Amino acid sequence: MEVLLLLINYNNNNEVISFVDMQLAMQKNVDYQVVIVNNGNQKILPSDIKNISPDKVWTINPEKNLGYLNGAHYAYEYFFEHSKSIPELIILCNTDIEFSSESFIQNLLTFKKNNVGIIGPEIKSSLTGHFQNPIYEKRPDRTRLKIWLMFFSTYLTYLLYQSGAYLKRIIGNSIASEPSKDEREVYAVHGSFVIFTKEFFTKNCTLKYPSFLYCEELYLAEQCRLNNLRVVFLPSQKIIHHEHSTSGIFKNRKHVSWLYESVKFIFQTYFN
C-alpha cells in the first residue's frame with residue numbers, strides 16, 4: 001500500500017462521498033486505501049461509494065466525536081492494526097478540496113522525502129482567494145501565544161481579536177502579491193491537507209492529540225521539530241480549498257473555550 005487517506009465525516013455524508021467518488025477516483029496510477037471516520041450521527045458505508053472499488057474503502061464508527069486529529073489517529077491505528085504496515089504517505093485532509101491534476105498523489109510519491117515528516121501543498125481558498133500555505137513560515141514566539149491566551153480567555157476579547165484578524169485578512173488580500181513559489185522548509189502547514197511521510201510514524205510521532213480541536217498544526221510542527229524532521233512546503237502541487245461561506249466568521253462560546261484550552265496546552269507543553 002502506497003498511500004493511506006484519512007477522512008473525517010462529521011454529519012457531512014454528501015460532501016465526503018462526493019470527494020471520494022469524484023476527486024479520489026480521478027487519481028491515476030496510485031495504490032491507496034481510504035479510511036472514513038464517522039464522527040457524527042450520519043454514517044457512511046463502503047457501499048455508498050460508487051466510483052472506486054469497495055475494498056479500497058473502510059468506514060469506522062467511534063462511540064463519540066473524536067475531533068479532527070484524534071479522529072485521524074483512530075483511523076490510522078485501525079488501519080495499522082489490520083494491515084501491520086505503514087504506507088509511504090498518509091494524507092489527512094478535508095473533503096471540500098479539489099485536486100489540480102490526476103497525477104497529484106502520484107507526484108507526491110516521487111518527491112524525495114529524506115528526513116521529511118510532513119509535506120504541505122499549495123492551498124488556494126476559493127472563498128477568499130488567498131493562499132493558506134504555509135500557515136506558519138517560522139515558529140511563533142512565546143509572546144504571540146501569550147497574546148492568544150489573553151484574547152481567547154473571554155468571548156468578548158475573542159470577538160475583538162477575530163474582528164481585527166478578519167479585517168486584516170480583507171485588507172491583506174487586496175494589497176498582497178502571490179506568495180513565493182519556492183519549495184522550502186517551513187514551521188507548519190495548513191491542517192486542511194496534511195501529508196505525512198512514513199518517517200513521521202517510524203520516528204514515534206503521533207496523531208493522538210491531548211487537546212480537542214484547534215492548534216493541531218502547531219502540535220504536529222512541534223513533534224517534527226523535536227524529532228529533527230523537516231516540514232516542507234511543496235507549491236508545485238496545488239489544491240483548491242472550497243471553504244464554506246455559511247460557516248461564519250465567529251466561533252460560538254464552546255468552540256472559543258476549546259480554542260483557549262488548545263492554545264494553553266501548546267503553550268504549557270512547548271513554549272513555557
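Refer to the preceding data block for the structure.
Residues numbered from 1 in each chain as written. Predicted model: local features only at pLDDT ≥ 70, side-chain atom pairs only at ≥ 80, totals over all residues. Heavy atoms only, no water.

1. What about the overall build of the chain?
A count of helices and strands for the chain gives eight helices and nine strands. Here the C-alpha radius of gyration of the chain, 18 Å, is about what a compact globule of 272 residues would show, namely 19 Å. With the principal axes as the frame, the chain shows a C-alpha extent of 50 × 40 × 35 Å. In the chain, buried positions account for 48% of the 272 residues. Sequence-distant contacts, at least 24 apart, represent 82% of the contacts inside the chain between residues at least 6 apart. Separation between the mean location of the 28 positive side-chain charges and that of the 26 negative ones in the chain comes to 7 Å. (Helix = DSSP H or I, 4+ residues; strand = E, 2+ residues; numbered from the N terminus. Rg over C-alpha atoms; globule rule 2.2 N^0.38 Å. Buried < 20%, exposed > 50% of the residue type's maximum accessible area, 1.4 Å probe, protein only. Contact = heavy atoms within 4.5 Å. Lys, Arg positive; Asp, Glu negative; His and termini not counted. Charge placed at Lys NZ, Arg CZ, Asp CG, Glu CD.)

2. As for a nonpolar patch on the surface
Residues Tyr-166, Ile-249 and Phe-250 make up a contiguous nonpolar surface patch of roughly 260 Å² in combined accessible area. By secondary structure assignment, the location of Ile-249 is in the loop between strand 9 (230-241) and helix 8 (253-271). In this structure Ile-249 comes out as partly exposed when scored by relative accessible area, which is 35%. (Patch = residues over 30% accessible without salt bridge, like charges linked within 9 Å, V, L, I, M, F, W, Y side chains within 5 Å. Areas by Shrake-Rupley, 256 points an atom, 1.4 Å probe, with all protein chains shown as cover. Salt bridge = Lys/Arg side-chain N within 4 Å of Asp/Glu carboxyl O.)

3. Concerning the side chain of Gln-223
Along the polypeptide, Gln-223 turns up in helix 7 (residues 216-226). Aside from chain neighbours lying at most four places away, what touches Gln-223 is Phe-200, Cys-205 and Thr-206.

4. Considering helix 1 (residues 13-24)
Its twelve residues place the ends of helix 1 16 Å apart at the C-alpha level, agreeing with the 16 Å of an ideal helix rising 1.5 Å per residue. Buried within helix 1 are the following residues: Asn-13, Glu-15, Val-16, Ile-17, Phe-19, Val-20, Asp-21, Gln-23 and Leu-24. Looking at the packing, one finds that the buried side of helix 1 touches strand 1 (3-9), strand 2 (32-38), strand 4 (89-93), strand 5 (97-99) and helix 3 (104-110). (Expected span 1.5 Å × (residues − 1).)

5. Let's talk about the packing of helix 4 (residues 142-151) against helix 8
Close contact between helix 4 and helix 8 brings their axes to 9 Å; oriented N to C, the two are set at 155 degrees. Classed by the angle they form, the pair helix 4 and helix 8 counts as roughly antiparallel. The hand of the helix 4/helix 8 crossing is left-handed. Across from Arg-142, Leu-145, Lys-146, Trp-148 and Leu-149 in helix 4, the residues of helix 8 making contact are Tyr-260, Val-263, Lys-264, Ile-266, Phe-267 and Phe-271. Residues of the contact of helix 4 with helix 8, tallied by class, amount to eight nonpolar, no polar and three charged. (Axes fitted to C-alpha atoms, helices over the stretch in contact; angles between N-to-C directions. Parallel < 35°, antiparallel > 145°, perpendicular 65-115°, else oblique. Left-handed = near helix turned anticlockwise from the far one by under 90°. Nonpolar A, V, L, I, M, F, W, Y, C, P; charged D, E, K, R; others polar.)

6. Structural notes on the packing of aromatic side chains
With the rule as written, the count across this model stands at 22 aromatic pairs. Ring centres 6.0 Å apart and planes at 40 degrees place the aromatic pair Phe-19 and Phe-99 in the tilted group. Taken together, the residues span a long stretch of sequence, with Phe-19 in helix 1 and Phe-99 in strand 5 at a distance of 80 residues. Grouping residues by exposure puts Phe-19 and Phe-99 together as buried. (Phe/Tyr/Trp six-rings, centres within 6.5 Å; stacked < 30°, edge-to-face > 60°.)

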